[in-house]
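Descriptive structure summary
What follows is the residue order along each chain.
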Amino acid sequence: MYNAGKIITGLVIFVVIFTLPLWWQVGKAAPPAPKPELPKTAKVCVEDTAYMRTSHMQLLNDWRNAVVRDQDRVYVGKDGKKYSMSLTNDCMACHNDKKKFCDQCHNYLAVAPYCWDCHLTPEQVKESK
Amino acid sequence: MHVIFSLLAVIVLIAIAYAGVAGAGMTYLFGVVIPYAAVITFFLGLILKVLKWGRSAVPFNIPTTCGQQKSLPWIKPNSVDNPTSTGGVLARMFFEVLTMRSLFRNTKLDYRVAHGQPVIRQGSEKFLWLFAILFHYSFLVVLLWHLRFFMEPVPKLVGVIEALDGFFEFGLPQLLLSGVILVAMAGALLDRRLRMPNIRYISLTSDYFPLFLIMGIGITGILMRYLLRVDITAIKELTMSLAVMKPVIPQAPIDPLFYAHIFLVSVLFAYFPFSKLMHMPGVFMSPTRNLTTNSREVRHVNPWNYPVKTHTYDEYEEDFRDLMIEAGLPVEHNPAEEAAAAEGGGEAAEAEPEAPEEKKE
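Residues numbered from 1 in each chain as written. Chains lettered and ligands numbered in written order. Predicted model: local features only at pLDDT ≥ 70, side-chain atom pairs only at ≥ 80, totals over all residues. Heavy atoms only, no water.

**Considering the overall build of chain A**
The condition that has to hold: Put simply, DSSP marks the helices as runs of H or I at least four residues long and the strands as runs of E at least two long, and each gets a number from the N terminus on. The globule rule used here is 2.2 Å times the number of residues to the 0.38 power, and the radius of gyration it is set against is calculated over C-alpha atoms. Throughout, exposure labels follow a simple rule: accessible area from a 1.4 Å probe, protein chains only, divided by the maximum for the residue type, with under 20% read as buried, over 50% as exposed, and the rest as partly exposed. Contact definition: two residues touch when any of their heavy atoms are within 4.5 Å. For the area figures, the Shrake-Rupley method with a 1.4 Å probe applies, and any residue is considered shielded solely by the protein chains shown. Counted charges follow a simple rule, with Lys and Arg positive, Asp and Glu negative, and His plus the chain ends left uncounted. Every charge is mapped onto a representative atom, which is NZ of Lys, CZ of Arg, CG of Asp or CD of Glu.
A count of helical and extended segments in chain A gives six helices and two strands. When the helices and strands of chain A are read in sequence order from the N terminus, they spell out α-α-α-β-β-α-α-α. Taken over C-alpha atoms, the radius of gyration comes to 23 Å for chain A, far larger than the 14 Å a tight globule of 129 residues would show. For the C-alpha atoms alone, the extent of chain A along its principal axes is close to 75 × 35 × 30 Å. When burial is assessed residue by residue, chain A has 33% of its 129 residues classed as buried. Of the contacts made within chain A by residues no fewer than 6 positions apart, 56% connect residues no fewer than 24 positions apart. By element, 60% of the accessible surface of chain A is carried by carbon and sulfur atoms, the whole surface being about 8,700 Å². Charge centroids of chain A, computed over 17 positive and 13 negative side chains, lie 6 Å from each other.

This is the structure in structure tokens:
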């Protein structure tokens, strides 16, 4: 082989970079899946659990648009139950510990919703009282 | 033909994944077995091919030059575009890989009739470069961002990328520009292939298929993120288990769309070493880029040269001189005549060339 030294060095660099997730975590067990602590005060969410798991951010977006743009604050859930569309006063009324619920999943996937720049978490609400 | 075949191939691949998962429930096959097999094929195939390339000789010093070579001290050399040193080559490769300079020089033959006269010009054509560089960089961003599925804790870099990528804070989940640009640019490159007759003429299935495949990956990804939401938490459970090599299919159901996405990605990985996509390692191995233009400073010997058996005229005459003299044939060295000339002390001996130079080598 010609230029064996250079070619093999190049290949080693390539393999090391492209297998980063493998050797970085070699031998480790898969990290435990997030276990968001479910509210004790209620049995059901606004929508089906499966829908909430996949699409809660889209629901929040719809809520935000409805409230801010159309001044519509009432959301009718799947069983006809009425909810007041609000991040802090509704979602967080049931899911009253952001760290043990929302953040469980979000940290797992490095999602950092910017909502909390303005909106209050239940802890902040308690503090301000 | 090439276009339709490639498009159909990608559609069939998606259908296979859908049928396999939604129909036959083969989540382990599509979620674990095929991805692992594809990744192994990718690494083995790529390494073997590069080693094979390494075994072929580079017989000539053939760098393409795009500037003045180093010559006389008062002529200013272009040390990057016509590198005579290793440093120059490294600089050239650096810009070639990160900014695609050779593509930037792309030109187009332009024929038009102006003032009743046909005019042919060679004009610059930057769109290929623009589409290609946006395509490659958005692909890189998408790839790095996907590390969030394969590492725990997720590296800080991923958060930075996501923040920049979602700069416009448009919609929820936030619109990431890279994915949109990736698919749009793949589309633009496809459009270019289809619309320019000369490019279309030389395009084959192996050109269209990777484009459709990458568009398919991009579109299934975009669908999963913005339209038909999937359970991303469950997906990370699966991908993390793949990364630590202890594969399990999570309890929470994952939409077949995800399996279609990962199946297309697997096909891309497995196809990679056998496709034009090998230009990724290829760019580093191309002699027109990675050689120094020192063809005037250093003698380059073809490594294929082998010791050739020669029999020069001098040796031939040595073998047959006596016979030749006997037969009256002219010879270069005639010992009898030379001896006579030496005695005569004439100038004839001086004029006689000792060993004709052309005969050597």
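**Structural notes on the packing of aromatic side chains**
Residue and element names in this part refer to chain B. What counts is decided by this rule: Each aromatic pair joins two rings of Phe, Tyr and Trp (for Trp, the six-membered one) with centres within 6.5 Å, and gets the label stacked for planes under 30 degrees apart, edge-to-face for over 60, and tilted for any other angle.
Summed over the entire model, instances satisfying the criterion amount to 20 aromatic pairs over all chains. Between Phe-30 and Phe-263, the ring centres sit 5.2 Å apart and the planes meet at 75°, which makes this aromatic pair edge-to-face. Placement of the pair is Phe-30 in helix H2 (residues 27–55) and Phe-263 in helix H11 (residues 256–271), with a sequence separation of 233 residues. With respect to burial, Phe-30 and Phe-263 carry one shared label: buried. Plain terms: the ring middles of Phe-209 and Tyr-271 are 5.2 Å apart, the flat faces sit at 85° to each other, and that makes the pair edge-to-face. A residue pair is termed long-range when its members are at least 10 positions apart, and Phe-209 in helix H9 (residues 205–227) and Tyr-271 in helix H11 qualify at 62 residues. Just as Phe-209 is buried, Tyr-271 falls in that class too.

**Examining helix H10 (residues 232–243) of chain B**
The following threshold applies: Expected span of a helix, by definition, is 1.5 Å for each gap between consecutive residues, and there is one gap fewer than residues.
In this model, H10(B) (12 residues) spans 16 Å end to end at C-alpha, consistent with the 16 Å of a helix rising 1.5 Å per residue. Here H10(B) lies mainly inside the structure; 11 of its 12 residues are buried. Along H10(B), the residues that are buried comprise B:Ile232, B:Thr233, B:Ala234, B:Ile235, B:Lys236, B:Leu238, B:Thr239, B:Met240, B:Ser241, B:Leu242 and B:Ala243. Elements that come into contact with the buried residues of H10(B) comprise helix H2 (20–24), helix H3 (49–70) and helix H5 (102–108) of chain A together with H2 and H11 of chain B.

**As for the packing of H9(B) against H11(B)**
All names here are of chain B. The line we're drawing: An axis is simply a line fitted to the C-alpha atoms; with a helix, the fit covers only the stretch in contact. Between two such axes, the angle follows the N-to-C directions and lies from 0 to 180 degrees. These descriptions rest on fixed angle ranges, namely under 35 degrees for roughly parallel, over 145 for roughly antiparallel, 65 to 115 for roughly perpendicular, and the rest for oblique. Put simply, a crossing is left-handed when the front helix is turned counterclockwise from the back one by less than a right angle, and right-handed when it is turned clockwise. Asp, Glu, Lys and Arg are counted as charged, while Ala, Val, Leu, Ile, Met, Phe, Trp, Tyr, Cys and Pro are counted as nonpolar; the rest, among them Gly, fall into the polar class.
Viewed as axis vectors pointing N to C, H9 and H11 meet at an angle of 150°, and their least axial separation amounts to 9 Å. The angle between H9 and H11 falls in the class roughly antiparallel. Along this stretch, H9 crosses H11, giving a crossing that reads as left-handed. Two secondary-structure elements touch here, H9 through Ser-206, Phe-209, Pro-210, Leu-213, Ile-214, Gly-216, Ile-217, Thr-220, Gly-221, Leu-223 and Met-224 and H11 through Leu-257, Phe-258, His-261, Leu-264, Val-265, Val-267, Leu-268 and Tyr-271. Partitioned by chemical class, the residues of the contact of H9 with H11 number 14 nonpolar, five polar and no charged.

**Digging into the interface of chain B and chain A**
Selection criterion: Two parts placed together each lose some accessible area; with a 1.4 Å probe, that loss summed over both constitutes the buried area. Take a side-chain nitrogen of Lys or Arg and a carboxyl oxygen of Asp or Glu: if they are within 4 Å of each other, that pair is a salt bridge. Polar contacts here mean pairs of N or O atoms no more than 3.5 Å apart (in protein, one a potential hydrogen donor and the other a potential acceptor; neighbouring residues in sequence count only if both atoms are side-chain atoms).
Listed per partner, the contact involves 46 residues of chain B and 34 residues of chain A. Interface area lost by chain B to chain A is led by B:Leu172, B:Arg229 and B:Thr233, which between them contribute 18%. In this assembly, chain B and chain A are joined by one salt bridge. Here A:Arg53 and B:Asp231 are joined by a salt bridge, their closest N and O atoms 2.6 Å apart. The interface formed by chain B and chain A contains nine residue pairs in polar contact (both at pLDDT 80 or more). Those elements giving two or more residues to the side of chain B that touches chain A turn out to be H2, H9, H10 and helix H12 (279–285) of chain B. With nine residues, H10(B) is the largest single contributor of residues to the side of chain B that touches chain A. Taken together, the residues that form the side of chain B that touches chain A break down as 29 nonpolar, six polar and 11 charged.

**What about the pattern of salt bridges?**
Counted according to the given criterion, the structure contains 16 salt bridges over all chains. Across the pair A:Asp103 and A:Lys98 runs a salt bridge, and its minimum N-O distance is 3.3 Å. Given the relative accessible area of 14%, A:Lys98 is considered buried. Close ionic contact of B:Glu152 with B:Lys236 constitutes a salt bridge, the shortest N to O distance being 3.0 Å. Here the residue B:Glu152 occupies a position in the loop between helix H5 (127–145) and helix H6 (156–165), and B:Lys236 occupies one in helix H10, the gap between them amounting to 84 residues. We classify B:Lys236 as buried; its relative accessible area is 0%. Residues joined in a network through salt bridges with shared partners are B:Asp81, B:Arg101 and B:Arg105.

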